[in-house]
Amino acid sequence: MKKHNFSAGPCILPQSVLKQASEAVLNFDNLDLSLIEISHRSKNFVAVMEKARSLVLELLNLEGKGYTALFLQGGASLEFLMTPYNLMKNEGGKAAYTNTGTWADKAIKEAKLFGEVAVIASSKDKNHSYIPKNYTIPSDVDYFHCTSNNTISGTQMKTFPKFDGVTVCDMSSDIFSRELDFSQFDLIYAGAQKNMGPAGTTLVVVKDEILGKTGRTIPSMLDYQIHISKDSMFNTPAVFPIYVSMLTLQWLKDLGGIKAIEKINNEKAALLYAEIDSNPNFKGNTATEDRSIMNVTFSLTDDNKKEAFDKLWNAAGINGLNGHRSVGGYRASMYNALPLESVQALVNVMKQL
Ligand SMILES: *Cc1c(COP(=O)(O)O)cnc(C)c1O
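A quick note: this is a predicted structure, and the numbers were derived from the prediction, not measured.

Rules and cut-offs
- Residues numbered from 1 in each chain as written.
- Predicted model: local features only at pLDDT ≥ 70, side-chain atom pairs only at ≥ 80, totals over all residues.
- Heavy atoms only, no water.
- 1 Å grid on protein atoms, 1.4 Å probe; cavity = no way out; pocket = protein on both sides within 12 Å on 5 of 7 lines; lining within 4 Å.
- Points joined across faces, edges and corners; volume = space filled by probe spheres on them.
- Nonpolar A, V, L, I, M, F, W, Y, C, P; charged D, E, K, R; others polar.
- Near = heavy atom within 4 Å.
- Polar contact = N/O pair within 3.5 Å; in protein donor to acceptor, adjacent residues only side chain to side chain.
- Helix = DSSP H or I, 4+ residues; strand = E, 2+ residues; numbered from the N terminus.
- Buried < 20%, exposed > 50% of the residue type's maximum accessible area, 1.4 Å probe, protein only.
- Pairing = 2+ DSSP bridges.
- Axes fitted to C-alpha atoms, helices over the stretch in contact; angles between N-to-C directions.
- Parallel < 35°, antiparallel > 145°, perpendicular 65-115°, else oblique.
- Contact = heavy atoms within 4.5 Å.

(A) View of empty space enclosed by the protein. One pass over the structure, following the stated rule, counts one cavity of 30 Å³ or more. Lining the largest cavity are Phe176, Asn195, Thr248, Leu249, Trp251, Leu252 and Asn336. For the lining of the largest cavity, the class distribution of residues is four nonpolar, three polar and no charged.

Take a look at the structure:
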């Protein structure tokens, strides 16, 4: 039987997508060739790329609004660097960042290589267990950067500050999970492996008009405008991860889109948080109002019960529940493809302790 997969990333994908993907590895589009042994310039693969890019804009409701979707490589970690490269002015560049977790911290480190970084809010004082609020974004910055969902600590931004300038958001672990007005962002990036597909490609959704304004020379591979002009095929794209991402996006569309999955995601989160709050053996790690619906972090109230609990969930076919080493405790990652039954299985085990 398939395990209940709470892995934080790479993570669970829809079973039907895995089946289609494995078939395409053997025989893609009835070509009697594998998806991964044909040219990325073949019309069959170009169609995959175009479908994946258009599904992104359709699901995010950004069609016809001046945005381009790109499937790049290097992970969200390379976007930490590409963002300042493409958006921070060469002379006197300045950006504002919120430091809400490990990933935000890494993004800040890269941006500092390019100019002045104002960390305008931070949750470092409490091990990133909450989302800072009521900060002001200076009007003179080239862009504002935030992280919508903090995968490791388990917090999530429920609202976003109003800002007239350029807004950049790392949505690696909650893109396509909840409805937002995505047009409030000018650049969104997300590594595929948290809610979309296999590791190896990174989704970038960028509003074209914000680019080309830095006055700096950008190496080709790091230049969003070059990737846009080449329809996301400046170099050989990650064909398999993009194909699987396309299948997952199609699966999401067939399900009813983000609106439909958000309802299920909220149900899953409500079920698990209710157990954490009512069961004296457990406590949540984060501020209640900032709790993530994707990554639920919690701890035992009595560490002596760790062995017993670990035995229980392992025996129940549950995978990937250990918390990140920087936080400890447990983390249940409940991405789009995780069924409600898996959360029920976890709750049943928690009740047994
Ligand atoms: C996982 C993650 C990253 C890093 O992604 P890579 O693709 O491994 O570079 C960045 N930001 C967030 C929020 C993440 O969850």
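(B) Representation of the site of the ligand within the structure. Near the ligand, the surroundings consist of 13 residues, among which Ser77, Thr151, Asp170, Gln193 and Lys194 are the closest. Between the ligand and Asp170 there is a distance of 2.6 Å, counted from a nitrogen atom to a side-chain nitrogen or oxygen. Between the ligand and Lys194 there is a distance of 2.7 Å, counted from an oxygen atom to a side-chain nitrogen or oxygen. Element by element, the count of residues in the shell around the ligand is highest for helix H3 (residues 75-87), at four residues.

(C) Main features of the pairing of strand S12 (residues 295-300). The buried count for S12 comes to six of six residues, which makes it a mostly enclosed element. Pairing of S12 with strand S14 (residues 330-333) involves four bridges; the strand directions are antiparallel. The residue of S14 that forms the bridge with Thr297 is Arg331.

(D) Layout of the packing of helix H6 (residues 239-255) against helix H7 (residues 257-278). Where H6 contacts H7, the axes come no closer than 7 Å and their chain directions differ by 80 degrees. As summarised for this structure, H6 and H7 are arranged roughly perpendicular, according to the angle between their axes. Judged by residue contacts, Trp251, Leu252, Lys253 and Leu255 of H6 engage Gly257, Ile258, Ala260, Ile261 and Ile264 from H7. For the contact of H6 with H7, the residue count by class is seven nonpolar, one polar and one charged.

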